[in-house]
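# Residue-level structure breakdown
The chain contents come next:
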Amino acid sequence: MANDPLNLDEAGEWAGLWWLPDDFDEQVPGVLRYDSEGGLSLSLIGAFEDRITSNPAPGVTDYHEGTRTWDVIHGAAEQREITLIGCVPKGGKRTLFARVKSPDKQTVAAMTAIIGAHVSGEEDAAFSAAEVSVEDLGLWASSSVFRGFLGAPDGKIDGTGSISVEPVETQSVVVDETEFRLEHRHTLPFFDQRKGGTVGRMRDAAFVRAVPAAPFSVSEARATASLVQDLIALATHRAAGVIWLRLQVAGTESARPNGRPAPRQHADVLYSPAALGKHDAKAVDPNRVFFTCASLPFDEVVPRWCEAHGRLKAATNMILGLRYAPASFVENNLLTAVGAAEALHRGLRIDEKPFPKAEFKEMRNAMLAQVPEEHRDRFRGAIRNDPTLRDRLHALAARPDQEAIALIMPDVGHWARRTTRARNDLAHEGSTPNHSFEELIAIVRVTTAVVILNVLHELGLSAERQREIVQEHPQLRVTSRTAGEWLTAPESDV
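Residues numbered from 1 in each chain as written. Predicted model: local features only at pLDDT ≥ 70, side-chain atom pairs only at ≥ 80, totals over all residues. Heavy atoms only, no water.

### Some words on the nonpolar core
Counting residues in hydrophobic clusters, the biggest one holds 113 residues, and the most contacted among them are Trp 18, Ile 73, Leu 84, Phe 127, Trp 140 and Phe 291. Tallying contributions element by element places helix α11 (residues 437–458) first for this core, with 12 residues. When residues no more than four places from it in sequence are discounted, the contact partners of Trp 140 are Leu 231, Ile 232, Ala 235, Phe 291, Thr 292, Cys 293, Phe 298 and Val 301. (Core = buried A, V, L, I, M, F, W, Y, C linked by side-chain atoms within 4.5 Å. Buried < 20%, exposed > 50% of the residue type's maximum accessible area, 1.4 Å probe, protein only. Helix = DSSP H or I, 4+ residues; strand = E, 2+ residues; numbered from the N terminus. Contact = heavy atoms within 4.5 Å.)

Quick look at the structure:
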């Protein structure tokens, strides 16, 4: 449809006029092109001045090394305002002293394009709402406008049936003066006549609409898209790409003469998110989803996620990084998984000091008294009253449902010891000679699972659902089997 949002995985082209915000009269014709692999490229017939110059004296111009960049370029193309942000010249051709005068050519790369509005920069608070679509959001929403019926009198399908549309009630919740709404957009029935038959089509798409109390910028809109993207990635245990991001331009709400509201002015954002969504790719297998709005309602999970996403951002970023861009070497994944566990433990604010504060101070002073004065500062920094990595791992394993933890690994103590040894060997010695490749893989998988179960527990996922995930999710079942093979203490250690 003509008013559909622009999918980030589809190419587009806009031919029009372009200018710098402080020089509207100097307009240059050109074509903006976008595709998911090459990004945004503006091909100009003409050029903006990209040389760095100075005027040390009247009538004297010095040209310096380097190239000028532009924070913003404005354009008008295909009956829409366009703003390009983060613009860098990538090449061009200037004609000097040519026999035949012809226009210069210039190519400009941009980081972000706003198709439908002119703004002064990525921090310009010019928008009143943001809508974002993410892969598998419809599955996570656990709702649809479609209803299906098959005729089966006496238990036998008789060939009759129907597909109907019933509007879905919008779910909403307010978090820190921002309203988050789970909405659906669907098309009308369409019959595609083919030579070999007829196909009837309708499309239903779920998306999240965020409406802050005050206007916001495109950078804040990208942060909102990332918030939703990371929630769906956690819920589906896979990289969830952004499909589209659309903004509502502030101040464009109006009414027609008949009193009915006029269409809102929208602007589509083209950029490179952490993962790019494929709008027509097949949805993830429902058995691989940790939770949906059926098991953790929208109005409950969104406030908890908004709070946890900020407080546990370092840990969730590292774990989601293993989903978005897993490293090719197990050592990288080991450091990431264990680092996520440490960051999570700190973010949960559950630290317990090994010694009472007064007692520790007394012991430290006694030890420092035995150290030569020139070395005391170094020793003072090394003596800390903090839990060890092993302590942190034990504390994390104690938080989620204990039956779920028992299903993941047979021996928490052995996992904590071997994980600590592997991390310390790698960090301090540069290798892990005491661990086999298979054991390191098991450590990464189990540590990742423990972090995920902790985050799910923090979001309020029930103990029953935690057990179901461990028992039914294919990857966690493999994790449990691997832990049984490689993270069980030998009988001599028991």
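Still more ground to cover, so stick around.
### A few points about helix α4 (residues 313–324)
In a regular helix each residue adds 1.5 Å, so 12 residues correspond to 16 Å; α4 covers 15 Å between its end C-alpha atoms and thus fits that length. On the buried face of α4, the contacting elements are α2 (218–236), α3 (298–311), α5 (330–347) and α11. (Expected span 1.5 Å × (residues − 1).)

### Some details on a nonpolar patch on the surface
A cluster of nonpolar side chains, contributed by Phe 355, Met 363 and Met 367, occupies part of the molecular surface with about 250 Å² of accessible area. You can see Met 363 is positioned in helix α6 (residues 357–368). (Patch = residues over 30% accessible without salt bridge, like charges linked within 9 Å, V, L, I, M, F, W, Y side chains within 5 Å. Areas by Shrake-Rupley, 256 points an atom, 1.4 Å probe, with all protein chains shown as cover. Salt bridge = Lys/Arg side-chain N within 4 Å of Asp/Glu carboxyl O.)

### Remarks on the layout of surface pockets
The rolling of a water-molecule-sized probe over the atoms marks out the regions of remaining empty space. Considering only enclosed or pocket space, the second largest pocket measures out at about 410 Å³ in volume. Considering the residues around the second largest pocket, the lining is formed by 20 residues, among which Arg 323, Ile 441, Val 444, Arg 445 and Thr 448 are closest to the centre. When contributions to the lining of the second largest pocket are tallied by element, the ones reaching two or more residues are α4, α5, α11 and α13 (474–486). No other element matches α11, which puts 7 residues into the lining of the second largest pocket. (1 Å grid on protein atoms, 1.4 Å probe; cavity = no way out; pocket = protein on both sides within 12 Å on 5 of 7 lines; lining within 4 Å. Points joined across faces, edges and corners; volume = space filled by probe spheres on them.)

### Topic: the packing of aromatic side chains
Inspection of every chain in the model, using the stated rule, returns 4 aromatic pairs. Ring geometry for Trp 140 versus Phe 298: centroids 6.2 Å apart, planes at 65°, classification edge-to-face. Highlighted residues: Trp 140 in helix α1 (residues 137–141) and Phe 298 in helix α3, separated in sequence by 158 residues. Positioned above the aromatic ring of Phe 207 is the side chain of Arg 185, whose terminal nitrogen or guanidinium carbon lies 4.6 Å from the ring centre. (Phe/Tyr/Trp six-rings, centres within 6.5 Å; stacked < 30°, edge-to-face > 60°. Lys NZ or Arg CZ within 6 Å of the ring centre and 35° of its normal.)

### Brief notes about the pairing of strand β17 (residues 242–249)
When you tally the buried positions in β17, you get 8 out of 8 residues, the bulk of the element. Both strand β9 (residues 127–134) and β17 contribute to a ladder of 7 bridges, which runs antiparallel. Looking at β17, one finds that Val 132 is bridged to Leu 245. Across 3 bridges, β17 lies against strand β18 (residues 266–270) in antiparallel orientation. When the sheet's bridge partners are listed, Arg 246 is paired in β18 with Asp 268. (Pairing = 2+ DSSP bridges.)

### Let's talk about empty space enclosed by the protein
Enumeration according to the criterion identifies 2 cavities of 30 Å³ or more in this entry. Looking at the largest cavity, its volume works out to about 80 Å³. If you trace the largest cavity, you find it lined by Trp 140, Phe 180, Val 208, Leu 227, Val 228, Leu 231, Phe 298, Val 302, Trp 305 and Cys 306. Where the lining of the largest cavity is concerned, the elements lending two or more residues are α2 and α3. If you tally residues by element for the lining of the largest cavity, the top one is α3, at 4 residues. Taken together, the residues of the lining of the largest cavity sort by class into 10 nonpolar, no polar and no charged. For the second largest cavity, the calculated volume is near 50 Å³. Looking at the lining of the second largest cavity, the elements that each hand over two or more residues are α4 and α11. Residue contributions to the lining of the second largest cavity peak at 4 residues, all from α4. (Nonpolar A, V, L, I, M, F, W, Y, C, P; charged D, E, K, R; others polar.)

### Section: the packing of α5 against α11
Angle between the axes and distance between the axes: these two values describe a pair of packed helices. The N-to-C vectors of α5 and α11 enclose an angle of 30°; their axes lie 9 Å apart at closest approach. What the angle tells us is that α5 and α11 run roughly parallel. Note that α5 runs across α11; the crossing there is left-handed. Note on element contacts: α11 touches α5 through Phe 437, Leu 440, Ile 441, Ile 443, Val 444, Thr 447, Thr 448, Val 451, Asn 454 and Val 455, opposite Val 330, Asn 333, Leu 334, Ala 337, Val 338, Ala 340, Ala 341 and Leu 344. Among the residues forming the contact of α5 with α11, the class breakdown is 14 nonpolar, 4 polar and no charged. (Axes fitted to C-alpha atoms, helices over the stretch in contact; angles between N-to-C directions. Parallel < 35°, antiparallel > 145°, perpendicular 65-115°, else oblique. Left-handed = near helix turned anticlockwise from the far one by under 90°.)

### Examining unusual backbone geometry
Of note, the phi angle at Gln 79 is positive, near 60°, even though the residue is not glycine. With respect to the helices and strands, Gln 79 occurs in the loop between β6 (70–77) and β7 (80–93). For Gln 79, a relative accessible area of 80% translates into the label exposed. Even without glycine at this site, Asp 176 takes up a positive phi of about 50°. Along the chain, the position of Asp 176 falls in the loop between β12 (171–175) and β13 (178–186).

### Let's talk about the environment of Met 367
Within the secondary structure, Met 367 is located in helix α6. For Met 367, a relative accessible area of 43% translates into the label partly exposed. Between the C-alpha atoms of Met 367 and Arg 380, which are 13 residues apart in sequence, the distance is 9.3 Å.

### Comments concerning the pattern of salt bridges
Applying the stated criterion to the full structure yields 23 salt bridges. Among the ionic pairs, Glu 300 bridges to Arg 304, the shortest N-O distance being 3.8 Å. Residue Glu 300 and its partner Arg 304 are located together in helix α3, separated by 4 residues, close to a single helical turn. Arg 421 is the partner of Asp 425 in a salt bridge, and the nearest nitrogen-oxygen pair spans 3.3 Å. Separated by 4 residues within a single helix, Asp 425 and Arg 421 lie in helix α10 (residues 412–429), roughly one turn from each other. Salt bridges here are not isolated pairs; linked through shared partners, they connect Glu 307, Arg 311, Arg 399 and Glu 458.

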